Amino acid sequence: MKLKNYHLPYALILAALPVLASAQTLKDGKLTLNPDGSHYVKFTLFNQVWARYNQSNPGTLVNGYAKPNTFDVGIRRFRIQFFGQLTDRVFVYSQIGINNFGYDSAPKTGFFLHDAVGEYAVVKKHLSLGAGLGAWNGLSRLTASSVGSIMGIDLPLVAETTNDVNDQFGRKLSLYAKGKLGQLDYRVALSDPLLVANAPINTFATFSGRPPKAQYQGYFMYQFKDQESNLTAYNAGTYLGQKNVLNVGAGFIVQPEAMWYRNTGSPDTLTQAMKQVAVDLFYDAPLDTAKGAASISFYAVAMHLDYGPGYLRYTGPMNPANGISTKAASTQVPGAGNTFGNAVPLFGTGNVLYGQLGYKFRENLLGSTTFMPYVSYQYASYKRLADNMHYFDAGVNWLLNGQGSKLTVSYQNRPVYSFHADGTNRVDTRNSAVVVQYQVFFN
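Keep in mind that what you see is a predicted model, and the values were worked out from it rather than measured.

Asker: Explanation requested: the overall build of the protein chain in the structure shown.
Answerer: When helices and strands are tallied, the protein chain shows two helices and 24 strands. In summary, the protein chain has a C-alpha radius of gyration of 24 Å against a globular reference of 22 Å for 443 residues, a match within 12%. Partitioning the contacts of the protein chain with sequence separation of at least 6, the portion at a separation of at least 24 is 66%. Carbon together with sulfur atoms contributes 63% to the accessible area of the protein chain, which is approximately 20,200 Å² in total. For the protein chain, the distance from the average site of its 37 positive side-chain charges to the average site of its 26 negative ones is 5 Å.

This is how it looks when you write it as structure tokens:
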């Protein structure tokens, strides 16, 4: 009996080996933790490389040298995701990476933390509570965009309305709730904004340098046809015809006393809430029931952005320049951030309309590959701009292996504003850029 008892643990291990083997399998970056695969951890890799020719905004300098145009190659985005369903109710999500690494970036720039959240399913599918640094944001569908499934060369940057001002590249320190109630998908969050350093006070509103008050946000989406996953915060840009989706959404972001300014001739500092609302529509579906049929993808959003009187901010994705001449600086829009390189006034107090439309040809159009041309357009009526903004982007995706291997060629056209003697900011000319992107996504 003693000998049999001594060998009993080994017998149990041998008996358990088939179960362990079936539980811990690795496929498509997913390591299963139990026999039915409902508990798992998953690993993904993502890389977008840009090669670009850009017509520079007036007075653009690179290290003090005039550059009327630039050519550059850079890493627009690189991501590593690690997430998993650890138990029936516990989910964890993390992401690290880098953005906008170009020839003017600091050498050996390190990765930074994009996401780190943990959540608990209180009522499975209907209510999960979570906390951490993440993108469970309000306002619109593409305020939290799945960059690996973007239809065009880039997402609508205007949707990330506080990007790198009081958040970390669109991610916020938040307590959030999410879930599905029938066909209604919802998310609400209470966020703790980051401190705004070196915040100036002007006669037009800027983000306040005072300790921030909490930010309230939410987004509600009614899904008429196929249901989309809300496992992570990120919404697909296009399904390439793999789903039949029709969604209508609405959202908001509000932060009391987020902005400050002074009236002309007054020393008093005034504050105002940041208030933003949006409604949007997303349609993505095949045009035929046949396998591999052509498909269409459409997205439109209307936003009302209230940052306070006269707020305006320029942004230049992976800006290929780092300075502006003294002469040109005197005619640029004042107090709106860097206007050199490829920058454009994407954010401001006013109203925005954005739309994108794409058509994916049938599968196997050219060998095992196919194409998806697209167009996108942003219109903005901002209080500080005498001329409304019109920003165009058109291109074509060569889908070598769906979103896993994709080559995109894009033409972009943007307005160039100048400050005039009568005190108005008006469009003087328009500049363009041609961008070629190669995307690899192991998902």
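Asker: What is the right way to look at the layout of surface pockets in this model?
Answerer: To find the voids left in a structure, one rolls a probe of water-molecule size over its atoms. A volume near 440 Å³ is recorded for the second largest pocket. Along its surface, the second largest pocket is lined by 20 residues, and Gln85, Ala121, Lys125, Ser128 and Leu231 are the ones closest to its centre. At the level of elements, strand E8 (112–123), strand E9 (127–134) and strand E10 (172–181) are the ones that each hand at least two residues to the lining of the second largest pocket. At three residues, the largest contribution of residues to the lining of the second largest pocket is made by E10. Grouping the constituent residues of the lining of the second largest pocket by class yields five nonpolar, eight polar and seven charged.

Asker: Help me understand the pattern of salt bridges in this model?
Answerer: Where charged atoms of side chains with opposite charge meet at close range, the side chains can pair. Applying the stated criterion across every chain, the model contains twelve salt bridges. Through salt bridges with shared partners, a single network forms among Arg76, Arg77 and Asp154.

Asker: Would you mind showing me how to read the environment of Ala302 here?
Answerer: Residue placement: Ala302 occurs in strand E16 (residues 295–306). The class of Ala302 is partly exposed, set by a relative accessible area of 29%. Considering only alpha carbons, one finds Ala302 and Thr232, 70 residues apart in sequence, at a separation of 24 Å. Beyond its immediate sequence surroundings of up to four residues, Ala302 is in contact with Val277, Ala278, Val279, Val352 and Leu353.

Asker: Explain unusual backbone geometry to me, please; I cannot follow it from the model alone.
Answerer: Glycine aside, residues mostly have negative phi angles, and peptide bonds mostly take the trans form. Phi angles above zero are rare outside glycine, and Lys125 is one such case at about 75°. Turning to its location among the elements, Lys125 is positioned in the loop between E8 and E9. Under the relative-accessibility criterion, Lys125 is labelled exposed at 71%. One non-glycine residue, Glu257, lies in positive phi territory at about 55°. Within the secondary structure layout, Glu257 lies in strand E14 (residues 245–261).

Asker: Would you explain the packing of aromatic side chains in this entry?
Answerer: This model, assessed by the stated rule, comprises 14 aromatic pairs. For the pair Trp136 and Tyr176, a centre-to-centre distance of 5.2 Å together with 20° between the ring planes defines the contact as stacked. Of this pair, Trp136 sits in the loop between E9 and E10 while Tyr176 sits in strand E10, and the two are 40 residues apart along the sequence. For Trp136, a relative accessible area of 5% translates into the label buried. A residue is classified by how much of its surface remains accessible, and Tyr176, at 5% relative accessible area, is buried. Each residue in the set Phe83, Phe91, Tyr93 and Tyr234 is aromatic and connected to the rest through ring pairs, giving one cluster. The aromatic ring of Trp50 is capped on one face by Arg76, whose charged end is 5.2 Å from the ring centroid.

Asker: Is there a simple way to think about the sheet that holds strand E18 (residues 323–324) in this case?
Answerer: Hydrogen bonds along the backbone pair up the strands of a sheet, which may run parallel or antiparallel. Spatial strand order, E5-E4-E18: three strands in an open sheet with antiparallel pairing. Because the sheet does not close on itself, it has two edges, and the strands there are strand E5 (65–66) and E18. Sheet topology places strand E4 (residues 60–62) next to E18; two bridges connect them, and they run antiparallel. Paired with Thr60 across the two strands is Ile324, which belongs to E18.

Asker: What exactly am I supposed to notice about the nonpolar core here?
Answerer: Nonpolar side chains in soluble globular proteins tend to be buried together. Judged by nonpolar contacts, the single largest core of 47 residues is most densely connected at Met259, Met303, Tyr307 and Tyr382. At the level of elements, E14, strand E15 (270–286), E16, strand E17 (312–315), strand E19 (344–348), strand E20 (350–360), strand E21 (370–382) and strand E22 (389–399) are the ones that each hand at least two residues to this core. Looking at which element gives the most residues to this core, the answer is E14, with six residues. Leaving out residues up to four positions away in the same chain, Tyr307 has contacts with Thr161, Ala205, Phe207, Met259, Met274, Gln276, Phe347, Gly348 and Thr349. With twelve residues, the next largest nonpolar core counts Tyr93, Ala135, Ala144 and Tyr234 among its residues.

Asker: Would you mind showing me how to read empty space enclosed by the protein here?
Answerer: The full count for this structure, using the stated rule, is six cavities of 30 Å³ or more. Approximately 290 Å³ is the volume attributed to the largest cavity. Along the wall of the largest cavity there are 25 residues; nearest its centre are Asp154, Leu155, Leu157, Tyr391 and Gln412. Listed by contribution, the elements that provide at least two residues to the lining of the largest cavity are strand E3 (40–55), E19, E21, E22, strand E23 (405–419) and strand E24 (425–442).

Conventions adopted
Residues numbered from 1 in each chain as written. Predicted model: local features only at pLDDT ≥ 70, side-chain atom pairs only at ≥ 80, totals over all residues. Heavy atoms only, no water. Helix = DSSP H or I, 4+ residues; strand = E, 2+ residues; numbered from the N terminus. Rg over C-alpha atoms; globule rule 2.2 N^0.38 Å. Contact = heavy atoms within 4.5 Å. Areas by Shrake-Rupley, 256 points an atom, 1.4 Å probe, with all protein chains shown as cover. Lys, Arg positive; Asp, Glu negative; His and termini not counted. Charge placed at Lys NZ, Arg CZ, Asp CG, Glu CD. 1 Å grid on protein atoms, 1.4 Å probe; cavity = no way out; pocket = protein on both sides within 12 Å on 5 of 7 lines; lining within 4 Å. Points joined across faces, edges and corners; volume = space filled by probe spheres on them. Nonpolar A, V, L, I, M, F, W, Y, C, P; charged D, E, K, R; others polar. Salt bridge = Lys/Arg side-chain N within 4 Å of Asp/Glu carboxyl O. Buried < 20%, exposed > 50% of the residue type's maximum accessible area, 1.4 Å probe, protein only. Phe/Tyr/Trp six-rings, centres within 6.5 Å; stacked < 30°, edge-to-face > 60°. Lys NZ or Arg CZ within 6 Å of the ring centre and 35° of its normal. Pairing = 2+ DSSP bridges. Core = buried A, V, L, I, M, F, W, Y, C linked by side-chain atoms within 4.5 Å.

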